[in-house]
Amino acid sequence: MAVDSLIELRGVNKYYGPLHVLQNIDLTVARGEVVVVIGPSGSGKSTLCRTMNRLETIESGLITIEGTPLPAEGRGLARLRAEVGMVFQSFNLFAHRTVLDNVSLAQIKVRKRKKEDADRRSRELLDRVGLLSQADKLPAQLSGGQQQRVAIARALAMDPKALLFDEPTSALDPEMINEVLEVMRQLAREGMTMVVVTHEMGFARSAANRVVFMSDGRIVEDRTPEDFFTAPASDRAKDFLSKIL
Ligand code: ADP
Ligand code: MG
């Protein structure tokens, strides 16, 4: 294992019944790296993200975080999930809790912080994503872009070692996409390790260290953005790019 490797997948296979949804996946994410995952709908991108913090089980293979194999269950798993945070397309905020509570709750429950310490940290993070003034509102009073920035603050509040983003801007109106991508670019500049499933090719070009292209449950290409976008090696990637660019 490379010294600076943070997340490693080796020979990972996953099935949904007869569907071989992840096929022999090998992937290394180094500390501080931004890996953008792209590919057609149904190619296994979300499943890949979800296996990385064991929201899904796998049939074979090994996933390690800083060299420690992912535990299958129990307290070790909850702790590990806190270390690899996840941001979803659909925000998943608690509708009946304030923005501040949304960012504080898991800190209190999982990280065992005192409420006042959690709230202090939440305010810092809300400030960082430009939403301190919204702390006492309910999620529904915020725009989609603001809600997604709250979800990012909530993930950051667990002091994760890495963050996984599954199409974080796909549910947003176009004018809100950039405010979320800008927060993500800032995190990348600060050295956060990130795996990002996205269709935002501008983000992939400008922020990714590597682009991973998936098709039918396999990683077909794993290259720098320059290489991938200027000279995709596989017909599948060429075909995909011709449809979206
Ligand atoms: P992507 O995110 O690239 O669109 P997914 O990882 O969501 O792809 O899905 C990959 C494949 O697995 C698709 O064929 C999808 O229909 C199937 N799939 C996803 N989740 C489930 C599930 N819970 N049960 C059965 N099949 C699923
Ligand atoms: Mg998906």
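Anything mentioned here points back to the structure above.
Treat the numbers as computed from the prediction; the structure is a model and nothing was measured.

J.: How should the pairing of strand β3 (residues 34-38) be read in this particular structure?
T.: Consecutive side chains along a regular strand alternate between the two faces of the sheet. Most of β3 is tucked away, with 5 of its 5 residues classed as buried. Neither face of β3 is open: one carries Val34, Val36 and Ile38, the other Val35 and Val37, and all of them are buried. With 4 bridges joining them, β3 and strand β8 (residues 193-197) adopt parallel strand pairing. Of the residues in β8, the one forming a bridge with Val34 is Met194. The pairing of β3 with strand β9 (residues 210-215) spans 4 bridges and is classified as parallel. What sits directly across from Val36, in β9, is Val211.

J.: What's the story with the sheet that holds strand β5 (residues 68-69) in this structure? I'm lost.
T.: Each strand in a sheet pairs with its neighbour through backbone hydrogen bonds, running either in the same direction (parallel) or in the opposite one (antiparallel). One open sheet accounts for 4 strands, arranged β2-β1-β4-β5; its pairing is antiparallel. Bordering the open sheet on either side are β2 (19-30) and β5, each of which pairs with just one other strand. Here 2 bridges tie strand β4 (residues 60-65) to β5, and the two strands are oriented antiparallel to one another. Counted as the bridge partner of Thr64 is Pro69 from β5.

J.: Any chance you could explain the side chain of Asp166 here in plain terms?
T.: Here Asp166 lies in strand β7 (residues 162-166). Despite its burial, Asp166 pairs with no opposite charge; the closest candidate is Arg50, at 6.6 Å N-O. Polar contacts involving the side chain of Asp166 include one to the side chain of Ser46, which spans 2.6 Å. Once residues within four sequence positions are removed from consideration, Asp166 is found in contact with Ser46, Met86, Val87, Phe88, Gln89 and Val197.

J.: Can you help me understand helix α3 (residues 99-109) in this one?
T.: Residues spaced three or four apart along an α-helix point in a common direction, a consequence of the helix completing one turn every 3.6 residues. Taken residue by residue, α3 has Val99, Leu100, Asp101, Asn102, Val103, Ser104 and Gln107 as its buried positions. Against the buried residues of α3 lie α4 (115-128) and α5 (144-156).

J.: Which parts of the structure should I look at to understand the environment of Lys243?
T.: Structurally, Lys243 can be placed in helix α9 (residues 235-244). We classify Lys243 as exposed; its relative accessible area is 62%. Between the alpha carbons of Lys243 and Val212 there is a distance of 17 Å; along the sequence they are 31 residues apart.

J.: Sorry, what's going on with the packing of aromatic side chains here?
T.: For any pair of aromatic rings, geometry is given as the distance between the ring centres together with the angle between the planes. Inspection of every chain in the model, using the stated rule, returns 3 aromatic pairs. Among the aromatic residues, those joined into a ring-pair cluster are Phe213, Phe228, Phe229 and Phe240. Positioned above the aromatic ring of Phe229, the side-chain terminus of Arg205 is 4.6 Å from the ring centre.

J.: Just to check I follow, could you spell out the site of ligand 1 for this structure?
T.: In the vicinity of ligand 1, the contacting residues are Tyr16, Leu19, Val21, Pro40, Ser41, Gly42, Ser43, Gly44, Lys45, Ser46 and Thr47. Contact distances for ligand 1 include 3.0 Å between an oxygen atom and a backbone N or O atom of Gly44. Protein burial of ligand 1: of its 570 Å² of free accessible surface, 57% is covered by the chains. Of all the elements in the fold, those that place two or more residues in the shell around ligand 1 are β2 and α1 (45-52). The element that contributes the greatest number of residues to the shell around ligand 1 is α1, accounting for 3 residues. Here the residues of the shell around ligand 1 are counted per class, giving 4 nonpolar, 6 polar and 1 charged.

J.: Teacher, can you tell me more about the packing of α3 against α4 here?
T.: Helices that pack against each other are described as a pair by the angle of their axes relative to one another and the distance between those axes. It is the contact of α3 with α4, at a shortest axis distance of 8 Å, that shows an interaxial angle of 125°. With respect to α4, the element α3 is oriented oblique. Considering only the axes of α3 and α4, their crossing is right-handed. Of the residues in α4, those touching α3 at Val99, Leu100, Asp101, Val103, Ser104, Gln107 and Ile108 are Lys115, Ala118, Asp119, Arg121, Ser122, Arg123 and Leu126.

Procedures and definitions
Each chain has its residues counted from 1, running along the sequence as written. Written order determines the labels here, with chains lettered from A and ligands numbered from 1. Totals for whole chains, interfaces and linings use every residue, but because this is a predicted model, local features are given only for residues with pLDDT of at least 70 and side-chain atom pairs only at 80 or more, for both listing and counting. For the side-chain quantities, the full set of heavy atoms in the structure was used; hydrogens and water were omitted. Categorising residues by exposure relies on relative accessible area from a 1.4 Å probe, with only protein chains included: less than 20% of the type maximum marks a residue as buried, more than 50% marks it as exposed, and the intermediate range marks it as partly exposed. Counting from the N terminus, the helices are the DSSP runs of H or I reaching at least four residues and the strands are the DSSP runs of E reaching at least two. Between any two strands, pairing holds if DSSP finds at least two bridges. Charged residues are defined narrowly, with Lys and Arg counted positive, Asp and Glu counted negative, and His plus the chain ends left uncounted. Salt bridge criterion: a side-chain nitrogen from Lys or Arg within 4 Å of a carboxyl oxygen from Asp or Glu. Side-chain atoms alone can form a polar contact between residues adjacent in sequence; in general such a contact is a pair of N or O atoms within 3.5 Å, and within protein one must be able to donate a hydrogen while the other accepts it. A contact between two residues is defined here by any heavy atoms of the two lying within 4.5 Å. Any two rings among Phe, Tyr and Trp, with Trp reduced to its six-membered ring, count as a pair given centres within 6.5 Å; such a pair is stacked if its planes are under 30 degrees apart, edge-to-face if over 60, and tilted if neither. Two conditions define a charge located above a ring, namely a distance within 6 Å from the ring centre to NZ of Lys or CZ of Arg, and an angle within 35 degrees of the ring normal. Note on definitions. A residue lies near a molecule or strand when any single heavy atom of the residue is within 4 Å of it. Each accessible area value is a Shrake-Rupley result obtained with a 1.4 Å probe; residue values ignore everything except the protein chains displayed when judging cover. Only Asp, Glu, Lys and Arg are considered charged, only Ala, Val, Leu, Ile, Met, Phe, Trp, Tyr, Cys and Pro nonpolar, and every remaining residue, Gly among them, polar. Every angle, taken between N-to-C directions, lies between 0 and 180 degrees, and every axis is a line fitted to C-alpha atoms, over only the stretch in contact when it is a helix. Angle categories are assigned with fixed cut-offs, so that under 35 degrees is roughly parallel, over 145 is roughly antiparallel, 65 to 115 is roughly perpendicular, and the rest are oblique. By the definition used in this description, the sense in which the near helix is turned from the far one sets the handedness, with an anticlockwise turn below a right angle giving left-handed and a clockwise turn giving right-handed.

All quantities given are derived from atomic positions and should not be read as evidence of function.
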